[in-house]
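Geometric and topological summary
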Amino acid sequence: QVQLVESGGGLVQAGGSLRLSCAASGGTFGNYVLAWFRQAPGEEREFVSAINWSVGSTSYADSVKGRFTISRDNAEKVLYLQMNSLRAEDTAVYYCAAMRLARGYLRNVDSYDHWGQGTQVTVSS
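Once a new chain begins, its residue numbering starts again from 1 and follows that chain's sequence as written. Given that the model is predicted, a residue must reach a pLDDT of at least 70 before its local features are reported, and side-chain atom pairs must reach 80 or more before they are shown or counted; all residues, however, enter totals for whole chains, interfaces and linings. Derived side-chain values reflect all non-hydrogen atoms in the structure, with water molecules and hydrogen atoms excluded from consideration.

Things to note about the overall build of the protein chain
- Regarding its fold elements, the protein chain presents zero helices and eleven strands.
- Element order for the protein chain, N to C, with α for helix and β for strand: β-β-β-β-β-β-β-β-β-β-β.
- Computation of the radius of gyration draws on C-alpha atoms, with the globule rule given as 2.2 Å multiplied by the number of residues to the power 0.38. Taken against the 2.2 N^0.38 rule, which gives 14 Å for 125 residues, the C-alpha radius of gyration of the protein chain at 13 Å falls within 12% of a compact globule.
- For the protein chain, the spread of C-alpha atoms along the three principal axes comes to 40 × 30 × 25 Å.
- Within the protein chain, contacts between residues at least 6 apart in sequence are counted, and of these 57% link residues at least 24 apart.
- When the accessible area of the protein chain is evaluated, it comes to approximately 6,200 Å², of which 44% is carbon and sulfur surface.
- A positive count includes Lys and Arg, and a negative count includes Asp and Glu. His and the chain ends are not counted in either. A single reference atom marks each charge: NZ on Lys, CZ on Arg, CG on Asp, CD on Glu. Across the protein chain, the mean location of the 11 positive side-chain charges is 6 Å away from that of the 11 negative side-chain charges. A run of DSSP states H or I qualifies as a helix once it reaches four residues; a run of E qualifies as a strand once it reaches two. Both are numbered from the N-terminal end. Any two residues whose heavy atoms approach within 4.5 Å are treated as being in contact. Residue exposure ignores everything except the shown protein chains as possible cover, and the areas themselves are Shrake-Rupley values with a 1.4 Å probe.

Given below as structure tokens:
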């Protein structure tokens, strides 16, 4: 049973940085894609970034490219999202998600079978 637990959210001023973590358990993840999504109040959940756990290839939404960096620690089974130059529009609940390779399109919410509980990120302007 795959379990994902996020941490690291909080309140930060615009221009600041935060690092989110997602502790993954219940699997080896060698054939998984792990990703970050976010959901602002009244909005749909949207793709932020994803990483192929085995080979480390990454993908980013245009809105965060150049500011956010996704990475993973294979040994500790932890997924990270380093967020720099934060903006007010980055305010959202951030979710960690996992899907098996080839399950679907990695930017599609419906492709993911496993989700964390979410962590709130609030950026004050």
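Brief notes about the pairing of strand β3 (residues 18–25)
- For two strands to count as paired, DSSP must find a minimum of two bridges between them. Pairing of strand β1 (residues 3–7) with β3, which is carried by five bridges, proceeds in the antiparallel orientation. Bridge pairing in β3 places S7 opposite S21.
- Pairing geometry for β3 and strand β8 (residues 78–83), over six bridges, is antiparallel. For A23, the partnering residue across the bridge sits in β8 and is V78.

Points about the packing of aromatic side chains
- Under the pairing criterion, centres of Phe, Tyr and Trp rings, with the six-membered ring standing for Trp, must be within 6.5 Å; the plane angle then separates stacked pairs below 30 degrees from edge-to-face pairs above 60, leaving the rest tilted. By the definition in use, this model includes seven aromatic pairs.
- One aromatic cluster is present, formed by F37, F47, Y95, Y112 and W115 through successive ring pairs.
- Above the face of the Y95 ring, R45 is positioned so that its terminal group lies 3.7 Å from the ring centre.
- Here, over-ring charges are defined by two tests on the NZ atom of lysine or the CZ atom of arginine: distance to the ring centre within 6 Å, and angle to the ring normal within 35 degrees. Taking NZ or CZ as reference, R45 lies 4.8 Å from the ring centre of W115, over its face.

Considerations on the pattern of salt bridges
- The salt bridge criterion pairs a side-chain nitrogen of Lys or Arg with a carboxyl oxygen of Asp or Glu, the two atoms within 4 Å. In total, this model carries five salt bridges according to the counting rule given.
- R38 is paired through a salt bridge with D90; the nearest N and O atoms lie 2.9 Å apart. Placement of R38 in strand β4 (residues 32–39) and of D90 in the loop between β8 and β9 (92–100) is noted, with a sequence separation of 52 residues between them.
- Each residue gets one of three labels from its accessible area relative to the maximum for its type: buried under 20%, exposed over 50%, partly exposed in between, using a 1.4 Å probe on protein chains only. For R38, a relative accessible area of 5% puts it in the buried group.
- According to the relative accessible area criterion, D90 is buried, its value standing at 0%.
- D90 serves as the salt-bridge partner of R67, at 2.8 Å between the closest nitrogen and oxygen. Separated by 23 residues along the polypeptide, R67 in the loop between β6 (58–60) and β7 (68–73) and D90 in the loop between β8 and β9 bring together distant segments of the chain. D90 matches R67 in its accessibility class, with the two residues each being buried.

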